[in-house]
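Structural overview for review
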Amino acid sequence: VIISRNMRGSDNTPVCETVGIITFRQEGTDGVSQENDKLCTVFNRLGMRVVFFAGELSDSHATPGSIVIPEMRLDDPVAQALGRRAFGTANPDPTLVEDIYKQADSITSELKPAVDRANPDFTVAQNLFAIPMNIPLTQAVANITAIRRQKGAHHNHDYGLWERPDRYGTTSISSYLNQRFPW
């Protein structure tokens, strides 16, 4: 993500007022939380308000309009079960993609109204399209982005197949994953 003075108009006001960060979690000292902290610092210095849509959120990041949706967590039981079905075998699972879409619809039903209420001018999907740790969340964010025609960026810095081939190298749904993840 490149953030510069170009995010200000000719009258020096921010080009956008609200930035939404969509993430698995924003708490602790993991790499994603640290990357989000850097982005928040820059956006705030540019006069922009940051709203989080997260599976986990520390009190210090719970800005007005932010929301926690437990199904967005990395350790969400449904996402983990779907991940176990998706990886480690090349044997087709006839209902797996359908089950991913069902869970994505569940997440979308909570996340989209929250995004609509906050109405961010720009969103950052933090590492969601890099590593398939919560596949339904990635699908939900793709759905919402398409429906809202949302301006935004995918800030990816951890690539599943490249950096974790033993975990993500064998899958029964490669054609589906190729639509969402940069394999």
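Residues numbered from 1 in each chain as written. Predicted model: local features only at pLDDT ≥ 70, side-chain atom pairs only at ≥ 80, totals over all residues. Heavy atoms only, no water.

**Considering the sheet that holds strand β4 (residues 122–126)**
Here is the rule we go by: For two strands to be treated as a pair, DSSP must find at least two bridges joining them. Under the scheme used here, helices are H or I runs from DSSP no shorter than 4 residues and strands are E runs no shorter than 2 residues, and both carry numbers assigned from the N terminus.
With parallel pairing, the five strands of this open sheet are ordered in space as β3-β2-β1-β4-β5. Only two strands of the sheet have a single partner each, and these edge strands are β3 (67–68) and β5 (152–155). The pairing of strand β1 (residues 18–26) with β4 spans four bridges and is parallel. Among the inter-strand pairings, Val-19 is bridged to a residue of β4, identified as Phe-122.

**Let's talk about helix α3 (residues 96–118)**
For clarity, the cut-off: Expected span of a helix: the number of residues minus one, times 1.5 Å. Contacts were defined at the residue level, with two residues in contact if any of their heavy atoms lie within 4.5 Å.
Between the first and last C-alpha of α3 there are 32 Å, a value that for 23 residues agrees with the 33 Å anticipated at 1.5 Å per step. Of the surrounding elements, those touching the buried residues of α3 are β1, β2 (49–57), β3, α2 (77–86), α4 (135–148) and α7 (174–177). Backbone geometry just downstream of α3 places Asn-119 in the positive-phi region, at approximately 50 degrees.

**Digging into the side chain of His-61**
Structurally, the position occupied by His-61 is in the loop between β2 and β3. Leave out the neighbours within four places in its chain, and His-61 touches Gln-26, Asp-37, Phe-52 and Ser-66.

**Quick word on the side chain of Thr-108**
What counts, and what does not: A simple rule labels every residue: compare its accessible area, found with a 1.4 Å probe on the protein chains alone, to the largest value its type can have, and call it buried under 20%, exposed over 50%, or partly exposed in between.
Mapped onto the secondary structure, Thr-108 falls in helix α3. Overall, the relative accessible area of 12% leaves Thr-108 in the buried class. Those residues within four positions of Thr-108 in sequence are excluded, and the remaining contacts are Pro-113, Ala-140, Asn-143 and Ile-144.

**A few points about the pattern of salt bridges**
The cut-off we apply is this: The term salt bridge refers to a side-chain nitrogen of Lys or Arg lying within 4 Å of a carboxyl oxygen of Asp or Glu.
Under the definition given, this model contains eight salt bridges. A salt bridge links Glu-56 to Arg-73, with the nearest nitrogen and oxygen atoms 3.9 Å apart. With Glu-56 in strand β2 and Arg-73 in the loop between β3 and α2, this residue pair connects regions lying 17 residues apart in the sequence. For Glu-56, a relative accessible area of 13% corresponds to the buried category. Under the relative-accessibility criterion, Arg-73 is labelled partly exposed at 25%. A salt bridge links Arg-85 to Asp-93, with the shortest nitrogen-to-oxygen separation between them at 2.8 Å. Residue classification places Arg-85 among the partly exposed residues on the basis of a relative accessible area of 27%. When salt bridges that share partners are traced, they join Glu-56, Arg-73 and Asp-75 into one network.

**A few points about the packing of α2 against α3**
Where we set the bar: A fitted line through C-alpha atoms serves as each axis, taken over the contacting stretch for helices, and the angle formed by two N-to-C directions is quoted from 0 to 180°. The cut-offs work like this: below 35 degrees is roughly parallel, past 145 is roughly antiparallel, 65 to 115 is roughly perpendicular, and the gaps in between are oblique. Helix crossings get a hand from a simple test, with the near helix turned counterclockwise from the far one by less than a right angle marking a left-handed crossing and a clockwise turn marking a right-handed one.
At a minimum axis distance of 11 Å, the contact between α2 and α3 shows a crossing angle of 160 degrees. Of the possible angle classes, the one that applies to α2 and α3 is roughly antiparallel. With respect to the hand of their crossing, α2 and α3 are arranged in left-handed fashion. Taken together, the residues of α3 that come into contact with α2 (itself represented by Val-78, Leu-82, Arg-85 and Ala-86) are Leu-96, Asp-99, Ile-100 and Gln-103.

**Some remarks on the environment of Thr-145**
Turning to its location among the elements, Thr-145 is positioned in helix α4. By relative accessible area, which is 27% here, Thr-145 ends up partly exposed.

**A short note on the pairing of β4**
Buried residues dominate β4, accounting for five of its five residues. Residues Phe-122, Val-124 and Gln-126 of β4 are buried on one face, and the alternating residues Thr-123 and Ala-125, pointing to the opposite face, are buried as well. Bridge count between β4 and β5: four bridges; the pairing is parallel. What sits directly across from Val-124, in β5, is Ala-153.

**Describing the confidence of the model for the protein chain**
Worth spelling out the cut-off: Across the chain, each position has a pLDDT score giving the predictor's confidence in that residue, from 0 to 100.
When pLDDT is averaged along the protein chain, the result is 85, and 88% of the positions lie at 70 or above. In this model residues 1–5 is a low-confidence stretch, pLDDT under 50, and it forms eight contacts with partners more than four residues away in sequence or in other chains.

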